[in-house]
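The lines below spell out each chain.
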Amino acid sequence: MLLGACGLLGEQQDETKGWSAAKLYAEAKAELGERNYTKAIQYYEKLEARYPYGRFAQQAQIEIAYAYYKDNEPASAIAAADRFIKLHPNHPSVDYVYYLKGLANFNDDLGIMGFISNQDMTERDPKAARDAFDAFKELAQRFPNSKYAPDAVARMNYLVNALASHEVHVARYYMKRGAYVAAANRTQYALKTYPQAPANEEGLLIMVKAYDALGMKDLRDDAERVMLRNFPNSIYLKGGPGRDAPWWQLWN
């Protein structure tokens, strides 16, 4: 009896009881506009649960992802976006959902967003940045005429160098600890994966130093030639600790 009474009380307190799909959507949209994201999410969830096959349900799935994104809940926003993409791969607004997924991952990666934190980059997981890049890439490739494509491409360009910078930073970390093989492998990965990234200038320098420390003269000379060809005006090629010293000894 107590459980039945509680259930009845819960139904009586549900202000949305009897609301149509149109009213639920309108109220959710209004709450979203007022930045009451938690309330908007509740309304969108009720709408989808009660009217899963109505014309408002699909739009609710998109806007709930946006609400989560604006409410600083990137994991929930990404999950909602993935769900929509899986259920509606050919929806006219799926390009926007890819863009939203990219944004949620982009903003979720504190390390990639500006390098303003004092946290060591080697302690950060670049997974969010890679996921953001993949979402933006999917958008740009599948929907090149989308209005979101130009911004997605711009963010991809930023992410490429940010990800390459992460790899180079880890390689530098290995160099300082004498892990020369690991440092060379890390810079090789950055060069192959992000060939146009400006961060590869330092990456090549690390590669030269790593091979020199390992006594691998041929590989060192190959890396040096690539460095000279791709970055002839590199700051690392100017000056030096001494006329007879190799140029790569500039780096500490």
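Computed from a prediction, not measured in an experiment: that's the story for all the values here.

### Focus on the packing of aromatic side chains
Thinking step 1. Overall, the coordinates contain 11 aromatic pairs when judged by the stated rule.
Thinking step 2. Ring centres 6.5 Å apart and planes at 40 degrees place the aromatic pair Y98 and F143 in the tilted group. Of the two residues, Y98 sits in helix α6 (residues 94-108) while F143 sits in the loop between α7 (127-142) and α8 (149-176), which places them 45 residues apart along the sequence.
Thinking step 3. Given the relative accessible area of 10%, Y98 is considered buried.
Thinking step 4. Judged by relative accessible area, F143 falls into the partly exposed class, the value being 22%.
Thinking step 5. Here F106 and F136 contribute two aromatic rings whose centre-to-centre distance is 6.4 Å and whose plane-to-plane angle is 65 degrees, an arrangement assigned as edge-to-face. Highlighted residues: F106 in helix α6 and F136 in helix α7, separated in sequence by 30 residues.

### Overview of the pattern of salt bridges
Thinking step 1. In the structure shown here, the tally under the stated rule is 16 salt bridges.
Thinking step 2. The closest approach of N and O atoms between K46 and D14, which form a salt bridge, is 3.5 Å. One end of the pair, K46, is in helix α3 (residues 37-50); the other, D14, is in the loop between α1 (2-13) and α2 (21-33), with 32 residues separating them in the sequence.
Thinking step 3. Residue classification places K46 among the partly exposed positions, given a relative accessible area of 29%.

### Observations concerning unusual backbone geometry
Thinking step 1. Of note, R35 is a non-glycine position whose phi angle comes to about 65 degrees, a positive value.
Thinking step 2. Looking at the element boundaries, R35 is found in the loop between α2 and α3.
Thinking step 3. Residue R35 is classed as exposed on the basis of its relative accessible area of 65%.
Thinking step 4. Phi angles above zero are rare outside glycine, and N72 is one such case at about 60 degrees.

### What to know about the environment of V160
Thinking step 1. Its place among the elements puts V160 in helix α8.
Thinking step 2. Between the C-alpha atoms of V160 and A199, which are 39 residues apart in sequence, the distance is 9.4 Å.
Thinking step 3. Ignoring sequence-local partners within four residues, the contact set of V160 consists of F133, Y194 and A197.

### Some points on helix α4 (residues 55-70)
Structurally, the α-helix is built with 3.6 residues per turn, so residues lying three or four positions apart point the same way.
Thinking step 1. In a regular helix each residue adds 1.5 Å, so 16 residues correspond to 22 Å; α4 covers 24 Å between its end C-alpha atoms and thus fits that length.
Thinking step 2. By the burial criterion, the buried members of α4 are F56, A57, A60, Q61, I62, E63, I64, A65, A67, Y68 and Y69.
Thinking step 3. Looking one or two places after α4, you find N72, whose phi comes out positive at around 60 degrees.

### As for the packing of α2 against α3
Thinking step 1. Remark: α2 packs on α3, axes separated minimally by 8 Å, with the N-to-C direction vectors making an angle of 160 degrees. The angle between α2 and α3 falls in the class roughly antiparallel. As α2 packs across α3, the resulting crossing turns out to be left-handed. Of the residues in α3, those in contact with A21, L24, Y25, E27, A28, K29, E31 and L32 of α2 are Y37, K39, A40, Y43, Y44, K46, L47 and R50.

### Focus: the packing of α7 against α8
Thinking step 1. With their axes 9 Å apart at the nearest point, α7 and α8 run at an angle of 150 degrees to one another. Every pair of crossing elements has a handedness; the one defined by α7 and α8 is left-handed. From α7, A129, R130, A132, F133, F136, K137, L139 and A140 reach across to α8, where they touch A149, A152, V153, R155, M156, L159, V160, L163 and E167.

Criteria and cut-off values
Residues numbered from 1 in each chain as written. Predicted model: local features only at pLDDT ≥ 70, side-chain atom pairs only at ≥ 80, totals over all residues. Heavy atoms only, no water. Phe/Tyr/Trp six-rings, centres within 6.5 Å; stacked < 30°, edge-to-face > 60°. Helix = DSSP H or I, 4+ residues; strand = E, 2+ residues; numbered from the N terminus. Buried < 20%, exposed > 50% of the residue type's maximum accessible area, 1.4 Å probe, protein only. Salt bridge = Lys/Arg side-chain N within 4 Å of Asp/Glu carboxyl O. Contact = heavy atoms within 4.5 Å. Expected span 1.5 Å × (residues − 1). Axes fitted to C-alpha atoms, helices over the stretch in contact; angles between N-to-C directions. Parallel < 35°, antiparallel > 145°, perpendicular 65-115°, else oblique. Left-handed = near helix turned anticlockwise from the far one by under 90°.

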